[in-house]
Amino acid sequence: MTADDVFEPVSGGSPALCHLIEVTAMPEVRYSLILGSLQASAQADPQVASAYRFAKHVLFQDPGLMGRLPQWVAGLEEPAVVALSTYFWNRAAVMSIAREVKRHWPRCVVVLGGNDVSYQTKTVFAEPAVDVLVHGEGEITFREVLRALAVHGSPAGVAGISHREGEKVVTTVPAPRIMDLSELPSPLLSGVYDKADLAASRTIIMETNRGCPYSCAFCYWGGATKSKVRPFPLEQVKAEISYVVENAPQNATLFIADANFGILPRDVEIAEWLVAELRRHDKQMFLYTNWAKNTSKRVIEAARILYSHKLIAAVTLSAQSFTPEVLEIAHRSNIRTSTYRTMQREFQSYGIPTYTELIWGLPGETLETHLDSVEEAITAGGHPVVYPLLLLNNTEYTTETFRDEHELVTRVLPYQVSNPEMQAEFVVGHARMTQEDWQRGLDIRLAGAVFYNCLNRCVLHYLNLRTGVRVVDLYARLVDYLENVCSDETVRRLAANQRVTWEDPAALDHSLVGELLDSGAIPEHLHYQAIVHRLTALDSIATITREAAEYLYAGLDSHDAVPRQEFEAVLAFQAVAAESLADCVRGDNRTRETSLPEDVHTLLAEAGQVTEAAAIDGEVRITLDSGNLAGTPADTMLLAIYHGSVRVPRALQPAVVPV
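Each residue is numbered by its place in its chain's sequence as written, counting from 1. For a predicted model such as this one, the threshold for reporting local features is a pLDDT of at least 70, and the threshold for listing and counting side-chain atom pairs is 80 or more; totals across whole chains, interfaces and linings nevertheless cover every residue. Excluded from the side-chain calculations are hydrogens and water; all other atoms, namely the structure's heavy atoms, are used.

Brief notes about the sheet that holds strand S17 (residues 409-416)
Note the cut-off: Criterion used throughout: strands pair if DSSP finds at least two bridges between them. Strands are runs of DSSP state E lasting at least 2 residues, helices are runs of H or I lasting at least 4, and numbering of each runs from the N terminus.
Across the sheet, which stays open at both edges, the three strands sit in the order S16-S18-S17 with antiparallel pairing between neighbours. This sheet does not close on itself; its edge strands, each paired only once, are strand S16 (390-391) and S17. Bridge count between S16 and strand S18 (residues 419-429): two bridges; the pairing is antiparallel. Looking across to S18, one finds that leucine 391 is bridged to glutamate 425.

Brief notes about the pattern of salt bridges
The line we're drawing: In what follows, salt bridge is the name for a side-chain nitrogen of Lys or Arg lying within 4 Å of a carboxyl oxygen of Asp or Glu. Partly exposed describes any residue whose relative accessible area lies between the buried limit of under 20% and the exposed limit of over 50%, with all areas from a 1.4 Å probe on protein chains only and scaled to the type maximum.
Under the counting rule described, the total for this entry stands at 34 salt bridges. For the salt bridge of glutamate 144 with arginine 147, the shortest nitrogen-to-oxygen distance reads 2.4 Å. Here the residue glutamate 144 and the residue arginine 147 both occupy positions in helix H6 (residues 139-152), the gap between them amounting to three residues, near one helical turn. Among the residues examined, glutamate 144 registers a relative accessible area of 25% and is labelled partly exposed. Classification of arginine 147 by relative accessible area gives partly exposed; the value is 24%. Look at the salt bridges and you will find they share partners, linking Glu579, Asp583, Arg586, Asp588, Arg590 and Arg592 into a network.

Some details on helix H23 (residues 564-586)
Inclusion rule: Any helix carries an expected span of 1.5 Å times its number of residues minus one.
In a regular helix each residue adds 1.5 Å, so 23 residues correspond to 33 Å; H23 covers 33 Å between its end C-alpha atoms and thus fits that length. Counting buried positions along H23 gives 17 out of 23 residues, so the element sits mostly inside the fold. One or two steps after H23, the chain reaches glycine 587, where phi turns positive at roughly 80 degrees.

Some remarks on the environment of tyrosine 340
To keep things clear, this is the line we draw: Note on contacts: a residue pair is in contact if any heavy atoms of the two residues lie within 4.5 Å.
Among the secondary structure elements, tyrosine 340 is positioned in helix H12 (residues 337-349). Along the backbone, tyrosine 340 and valine 145 are 195 residues apart, and their C-alpha atoms lie at a distance of 45 Å. Setting aside chain neighbours within four positions, we find tyrosine 340 in contact with Leu317, Phe322, Thr356, Ala377, Ala380 and Gly382.

Some remarks on the packing of aromatic side chains
As a reminder, the rule being used: Each pair of aromatic rings taken from Phe, Tyr and Trp, with Trp reduced to its six-membered ring, is defined by centres within 6.5 Å and is described as stacked if the planes are under 30 degrees apart, edge-to-face if over 60, and tilted in the remaining cases.
Within this structure, the stated rule accounts for 17 aromatic pairs. Note on phenylalanine 88 and tryptophan 89: the rings are 5.3 Å apart at their centroids and 80 degrees apart in plane angle, and the pair reads as edge-to-face. Since its relative accessible area comes to 14%, phenylalanine 88 is described here as buried. Under the relative-accessibility criterion, tryptophan 89 is labelled partly exposed at 25%. Ring centres of phenylalanine 322 and tyrosine 340 lie 4.8 Å apart, and the angle between their planes is 55 degrees; on these two criteria the pair is classed as tilted.

Below, the structure is given as structure tokens:
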């Protein structure tokens, strides 16, 4: 703001208009926890409530949003204040909105807040359209900014902000953390959103606590890492859950955005309350959360309650790496790997699927140690899900000292390859990882998604059990098969395009990927989705499954450990299972019959790959049923398979112990 463009103090008359805007990566959402919290807190102050009226806007960040923003901003009612919630994935869109707002209404005060811009004063104010930056938790600080603007026409003196004063940028003293969360009115119960907004939202986000006791060097949990966990009042949490269950649409997703759900004893009670409310309203919902890393018993009990009532499909175990040196560098040595193994065994005893998050590219990690971690997850009975490392502002990894010490090499790439404005800084090399290794790790990730997650899981485990070759090393050999050997040319082209797109996002073959995926497909792991769609669309999935398995078999150093007749039996079973997967992707409701020799079935059952069953005449007959997944959108299902939330066909899932 310049001296001529400040917000005039409110002195009676009509309330000033404040637009609250969030650009979200989630489709079909009208309810925003962030915007609701800001408005509810602001209106709790009578002076602010009388001075302002609020309009909330949730914009879905599809690839065409940037082109529509100028016209959208031009259609807004003239505001006095515009507040924008900012993260790395929406920063380009946020800055575009800020510029358009200033172009139309130069006297409007533009306020930014959020994890990506907190304490990033220099870079944020390089954008002339920004007037005020809120650091850390925003509810009370933003309310104070609105009050100061209403009374004085300037936010000067408000703690926890940076703001323009003429040609200067002034940063005030830090605002204290909100220790008593009962001070914050509920965005769900305060009336800032009506029931229709919840009914029109596919995803509802809420918090039961804030804070995180860990200090992971790659994480910035709202600035509350290595801090005491602060709970919202339990009765408020229960009332919010009741309100959500009553008003959210059938099959909506509830995201509990805690850093470590299950860390507090009351979290079991919260899980029980959610189940009871869903029963009372005869409604089905899905729950997603970030599970506690170290507190096994409460996590397992809460997960058991939720899984037995079909609220969750799997539990996330956030290992990130099993390499001691890497965990030490990341300040995660206090998150014990022994706890991970104990929790895996516990979840397996209840038949609860898990997936293990691993980060590829952590400082101190080599390609070899990363693959060791992938195999550790597989051996423990988990499901590895690999994410490339990206750098988040305000984390230790982003400091110059850390970058220099570990020789970080980074590249700014789209977080979603189909959406070039969603920029993030990826680590593509460091002192122990070459850029070639980084690319190789991503190639193996794609091979794992296609062959371990979808096509050849049982073949891979069978060959591992018979030969001792690690599962991860087996599917790593299929990288060459995908790009150079596969008999389907389109699959080869997709695999090759995945590789070049990581080097140059502009190389994404939109026509190739687009002809296989709907324009509204979830834009995550697109090449994996496209490859599986290709195989299912042409009924070639069984052919490729067999071909890939034969490629592995031919590459074995010795075939003596793998009886050919036994291998053929596993291959025949796996081909039928792949066809059942294709039924699921196409939405076909059907069953398929197959069988396995009793000794082979026992081998795979002990590895957790098939359910135990009785043999008849030395054969275990198996019915593969796609009906339970036939109505699931293909992109949703393929990503659920990738994340280990679904293992298809149904008959391959471990048996669930009744509650």
